[in-house]
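Architecture at a glance
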Amino acid sequence: MDRRKKREKTTVTKPSTVDASSPPKISPSEAFIVTLSSVLGLGLAFYVANSGFSIDLVTDPSRTIFFIWLVELPIVILLYSRYRQNPRQCMYLRAVGRGLLAVPIGALLNCLGAIALGAPVTFQFLPKTVNWSLMMSLFTTVPASCVLGSSWAHWKRIFAQTQPNGSVEYLICLPAHGAVIGGWFGAWPMPLDWERPWQEWPICVSYGAIGGYLVGLVASCVFVLACARSQHVKQT
């Protein structure tokens, strides 16, 4: 009897601790809110540019893209910062600060990538290139910075290896890849001799990037919903 009592005392279950390396989770309703807010932000930007200033991507691409990234900036940073890793160690304001810091860094990387692939570097196209790079930064690097911080292993796994782990990482990975792939396909008509005004940099590239970004958002939201349903079926 004494031995049994000693065993019971030594085998007391400890409270489970959350693994710091585990990916953050998001419910289907929250994923829908993130997707809907991002889509409505893009719609609001186009509405303000068209109704308030009578411009669009064809007539004034620089200012239109400026409105897009300006409206999307608070939406992306404030929403994705909620799903940061290690929320006990990383405060919400710190995640917001990481997102703000990632805006110019991501813009520089996108700008260098666009120039390497043939984007014009003349002074005439400089405002267009800068605004396009800022928009692409919000589509690609800013959400990852808010959630993952500076963890190179996670960045490499998501962007280089395309192996997201968890619902939040799919919300980062799919829209980012969609924006890059869409922008790449959107650049195809630029060198063609059609003499169309929308072939000028970065009009068709922006349309492609925005379209790919929207497709990635919807796909990631559907994936989160499908994963939640499959987990519910397994539990039942």
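Residues numbered from 1 in each chain as written. Predicted model: local features only at pLDDT ≥ 70, side-chain atom pairs only at ≥ 80, totals over all residues. Heavy atoms only, no water.

Turning to the overall build of the protein chain, a few remarks are in order. What the protein chain contains, in helices and strands, is 8 helices and 0 strands. Counting from the amino terminus, helix and strand elements in the protein chain follow one another as α-α-α-α-α-α-α-α. Considering the protein chain as a whole, with its 236 residues, one finds that 43% of them fall into the buried category. Sequence separation of 24 or more characterises 69% of the internal contacts of the protein chain that already satisfy a separation of 6 or more. Carbon together with sulfur atoms contributes 65% to the accessible area of the protein chain, which is approximately 13,800 Å² in total. (Helix = DSSP H or I, 4+ residues; strand = E, 2+ residues; numbered from the N terminus. Buried < 20%, exposed > 50% of the residue type's maximum accessible area, 1.4 Å probe, protein only. Contact = heavy atoms within 4.5 Å. Areas by Shrake-Rupley, 256 points an atom, 1.4 Å probe, with all protein chains shown as cover.)

What follows is about the UniProt feature "transmembrane region" (unreviewed entry) in the protein chain. Mapped onto this structure's residue numbering, the UniProt feature "transmembrane region" (unreviewed entry) falls at residues 31–49, 61–80, 101–126, 132–155, 167–187 and 207–228. Segment residues 31–49 splits into 100% helix and 0% strand. End C-alpha atoms: 27 Å apart. Secondary structure content for residues 132–155 is 88% helix and 0% strand, and the end C-alpha separation is 22 Å. (UniProt positions renumbered as here; feature names shortened; annotations may be inferred.)

Right, let's talk about the environment of Ile105 for a bit. Structurally, Ile105 can be placed in helix H4 (residues 92–116). Overall, Ile105 belongs to the partly exposed group, its relative accessible area being 45%. Distance in space between the C-alpha atoms of Ile105 and Thr141 is 8.4 Å, their sequence separation being 36 residues.

Another point: the packing of aromatic side chains. Applying the stated criterion to the full structure yields 11 aromatic pairs. Here the aromatic residues Phe53, Phe66, Phe67 and Trp69 are joined through ring pairs into a cluster of three or more. (Phe/Tyr/Trp six-rings, centres within 6.5 Å; stacked < 30°, edge-to-face > 60°.)

Before going further, it helps to spend a moment on the nonpolar core. Residues Tyr80, Trp132, Met135, Phe139 and Val142 are the most contacted members of the largest nonpolar core, which totals 53 residues. Contributions of two or more residues to this core are made by helix H2 (28–53), helix H3 (61–80), H4, helix H5 (126–148), helix H6 (152–160), helix H7 (167–186) and helix H8 (203–235). If you tally residues by element for this core, the top one is H5, at 11 residues. (Core = buried A, V, L, I, M, F, W, Y, C linked by side-chain atoms within 4.5 Å.)

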